[in-house]
Amino acid sequence: MQLWQFFISHQQEILQQTLTHLVLAAISTTIAILIGVSTGLILTRYPKAANQVIGVVSVIQTIPSVALLGFLLPLLGIGSTPAIVALFLYALLPILRNTYTGIEEVDSSVTEAAKGMGMPNRQILLKVELPLAMPVIFAGIRTATVATVGIATLSALIGSGGLGTFIFRGIALNNVDMILAGAIPAAALAILLDFGLGLLQPRVLRLLKPILVSVTIVFLLLLSQIVFSSLRPQPLKAGFTSEFVERADGYPGLQQHYDLSLDSVELDPGLMYEAIREKKVDVVSGFTTDGRIDAYNLTVLEDDQQYFPPYYAAPLVRGATLRKYPQLQPALAKLAEALSDETMIKLNDRVDRLKEPSQKVVQDFLKQSGFKTTIDRQGKPDIVIGSKNFTEQYLLAEMMGIVIENSTDLDVELKTGLAGTKICFDALKKGAIDLYPEYTGTGLLVILQADETTLKNMGQDREEVFKYVQKVSKERHDVEWLASFGFNNSYALMMRTEDTKKLNITSISDLKRHLESL
């Protein structure tokens, strides 16, 4: 029932994203068919080159899709173009291989008989080889089409839209209805396209000419639309993570608080900073302790209307775990106020920019701060520490694990990289993990969803926010906020420093005024 309501309330957006998804898959598959079939036919005339060419295309197929999108980002930016290129590369292999194999497997006695009848090579290809090979070639096209519809969901990570937008938002927020709102139309689309191609297969040779003309016209229209839209001058474009787009303390609340309207795309957190550095977007959401702010010469826009609350980081522990292992509290208390904003920025920078292993960075920091780090147990875990999927969380989880093992007799296991607040918190409540690092602002607005009156009463007071989340979290969910690590990692909007100087933008209100002046 809830899923149905979600579909009804988001029907316009679902329809729009389904259409976008279909266009991405259709353009990339059409290009793959044109190039794959023609290359496959050419290779049958040059069989010595076939293994090498198919081998190269096979290697491309083995590149993980997210990694391929990351490789294409500096070259092609974000949006539809890199998505179409990536999808084309993934669709190429089954079409190319099946075309080559289909023609090669035509019985040689049949082609010899055709030659004996005086048929030229072109006629043998069109009248003999292609009709006999068509079932194999079409099997490749159908496989490529279904796979492309599935892989196209990943295109949402680089701002091209499509049904993956709902899937990644749903994963970030652990919203099953949202995940299904992307997954069900994508699956239905793949089934419908496969069914349609199955109906077309027996008639394809007879309908080849009108099909080619129709596909070419549609393809050119879609391509011209994409090209013209990319050439049109754009206002400032924002790149936000899926979680920021949906979270109560993310873009929806910010939009309402500042009456701000940005042309935005959704991006993977790791690709977002690359996108602003490569000037593919102009504004990004981020965290004030991110080491890439200085490294990429970004400026944090002042939250002059004080929308974002304090986000002090602290260990969030299950009440049952703390009652069973009370020694956890004094052990983790050693980390209280051990980290400042500046220290956390440096630690993040060592991992994000200098590419040092997070374990080494944490070990170095703890040794310099006088912590014991020599014990590393490998037994059955007593405590499972989780984290979200960004650098700071990996560092804090690693830090807590080392401190617990070196201060108590408990064995620790890390389950890091969980996708978002809801997943971490639900895992904590269900006992899948025992603790993870969380932020007071996230606890206030996302987990406890404090009302407007409560927010006004607390304002930006760090201690008041901490006392509130500590008290209410215990009452509602039986989880404990332990003493804070000491740094404030607030959400923020960031721009390239050169742009802030050129446009005279120092605050979010300045950004709003600039957008209104365009």
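As a reminder, the structure under discussion sits directly above these lines.
A short tour of the structure in this document, coming up.

Reading guide: rules and limits
- Residues numbered from 1 in each chain as written.
- Predicted model: local features only at pLDDT ≥ 70, side-chain atom pairs only at ≥ 80, totals over all residues.
- Heavy atoms only, no water.
- Buried < 20%, exposed > 50% of the residue type's maximum accessible area, 1.4 Å probe, protein only.
- Helix = DSSP H or I, 4+ residues; strand = E, 2+ residues; numbered from the N terminus.
- Pairing = 2+ DSSP bridges.
- Expected span 1.5 Å × (residues − 1).
- Arc of directions from axis to C-beta.
- Contact = heavy atoms within 4.5 Å.
- Axes fitted to C-alpha atoms, helices over the stretch in contact; angles between N-to-C directions.
- Polar contact = N/O pair within 3.5 Å; in protein donor to acceptor, adjacent residues only side chain to side chain.
- Core = buried A, V, L, I, M, F, W, Y, C linked by side-chain atoms within 4.5 Å.
- Parallel < 35°, antiparallel > 145°, perpendicular 65-115°, else oblique.
- Left-handed = near helix turned anticlockwise from the far one by under 90°.
- Nonpolar A, V, L, I, M, F, W, Y, C, P; charged D, E, K, R; others polar.
- Salt bridge = Lys/Arg side-chain N within 4 Å of Asp/Glu carboxyl O.

**Re the pairing of strand 3 (residues 283-287)**
Next, step 1: With four of five residues buried, strand 3 lies mostly within the body of the structure.
Next, step 2: As paired elements, strand 1 (residues 237-240) and strand 3 share two bridges and run parallel to each other. Considered in strand 3, the bridge of Gly239 is made with Val284.
Next, step 3: Relative to strand 10 (residues 491-496), strand 3 runs antiparallel, the two sharing five bridges. Paired with Phe287 across the strands is Tyr491, a residue of strand 10.

**Some points on helix 3 (residues 47-62)**
Because an α-helix completes one turn every 3.6 residues, residues spaced three or four positions apart along the sequence face the same direction.
Next, step 1: The first and last C-alpha atoms of helix 3 sit 23 Å apart over 16 residues, in line with the 22 Å expected at 1.5 Å per residue.
Next, step 2: Among all positions in helix 3, only Ala50, Ile54, Val57 and Ser58 are buried. The arc that holds the buried residues of helix 3, viewed along the axis, is 105°, so those residues lie on one side. Opposite the buried face of helix 3, by more than 90 degrees, sit the exposed residues Lys48, Gln52, Val56 and Val59.
Next, step 3: Buried residues belonging to helix 3 abut helix 2 (11-45) and helix 5 (80-104).

**What about the sheet that holds strand 3?**
Next, step 1: Taken together, five strands build an open sheet; the order of strands is 2-1-3-10-4 and the sheet is mixed. What marks the edges here is a single partner per strand, and that holds for strand 2 (263-266) and strand 4 (298-300). On average, each strand axis in the sheet is tilted by 35° relative to the strand beside it, whichever way the strands run.
Next, step 2: Bridging between strand 1 and strand 2 involves four bridges; their strand directions are parallel. The residue bridging Ala238 from the neighbouring strand is Ser264, located in strand 2.
Next, step 3: Helix-sheet contacts for helix 13 (residues 269-277) involve strand 1, strand 3, strand 4 and strand 10, and the interaxial angle to strand 3 is about 135°.

**Comments concerning unusual backbone geometry**
Next, step 1: The phi dihedral of Asp259 is positive, around 55°, even though this residue is not glycine.
Next, step 2: You can see Asp259 is positioned in the loop between helix 12 (251-258) and strand 2.
Next, step 3: Asp259 sits in the exposed class, given a relative accessible area of 55%.
Next, step 4: In this structure, Gln449 is a non-glycine residue whose phi angle is positive, near 50°.

**Focus on the side chain of Ser28**
Next, step 1: The topology assignment puts Ser28 in helix 2.
Next, step 2: Within the structure, Ser28 has its side chain in polar contact with the backbone oxygen of Ala25 (distance 3.2 Å).
Next, step 3: When neighbours within four sequence positions are excluded, Ser28 is seen to be in contact with Ile84, Leu87, Phe88 and Thr148.

**Points about the nonpolar core**
In summary, soluble globular proteins display a tendency toward joint burial of nonpolar side chains.
Next, step 1: Among the nonpolar cores identified, the biggest contains 78 residues, and Leu254, Leu260, Leu335, Leu339, Leu366, Leu493 and Leu511 are the most heavily contacted of them.
Next, step 2: Sort the elements by how many residues they give to this core and helix 19 (residues 391-407) lands first, with eight residues.
Next, step 3: Apart from residues lying up to four places away in sequence, Leu511 is in contact with Leu236, Leu260, Leu262, Val283, Leu301, Leu493, Met495 and Ile505.
Next, step 4: Membership of the second largest hydrophobic core comes to 57 residues, among which are Ala32, Leu93, Leu197 and Tyr273.

**With respect to the packing of helix 5 against helix 7 (residues 121-151)**
Next, step 1: Where helix 5 meets helix 7, the closest approach of the two axes is 8 Å, and the angle between their N-to-C directions is 155°. Here helix 5 lies roughly antiparallel to helix 7, going by the angle between them. Crossing of helix 5 over helix 7 shows right-handed handedness.
Next, step 2: The residue inventory of the contact of helix 5 with helix 7, partitioned by class, reads 15 nonpolar, six polar and one charged.

**So, the pattern of salt bridges**
Next, step 1: Enumeration according to the criterion identifies 23 salt bridges in this entry.
Next, step 2: With a closest N to O distance of 3.2 Å, Glu498 and Lys279 form a salt bridge. Taken together, the residues span a long stretch of sequence, with Glu498 in helix 24 (residues 497-503) and Lys279 in the loop between helix 13 and strand 3 at a distance of 219 residues.
Next, step 3: Looking at Glu498, the relative accessible area reads 43%, which means it is partly exposed.
Next, step 4: In this structure, Arg496 and Asp282 form a salt bridge, with 2.9 Å as the shortest nitrogen-oxygen distance. Of the two residues, Arg496 is situated in strand 10 and Asp282 in the loop between helix 13 and strand 3; the sequence distance between them amounts to 214 residues.
Next, step 5: For Asp282, a relative accessible area of 16% gives the class buried.

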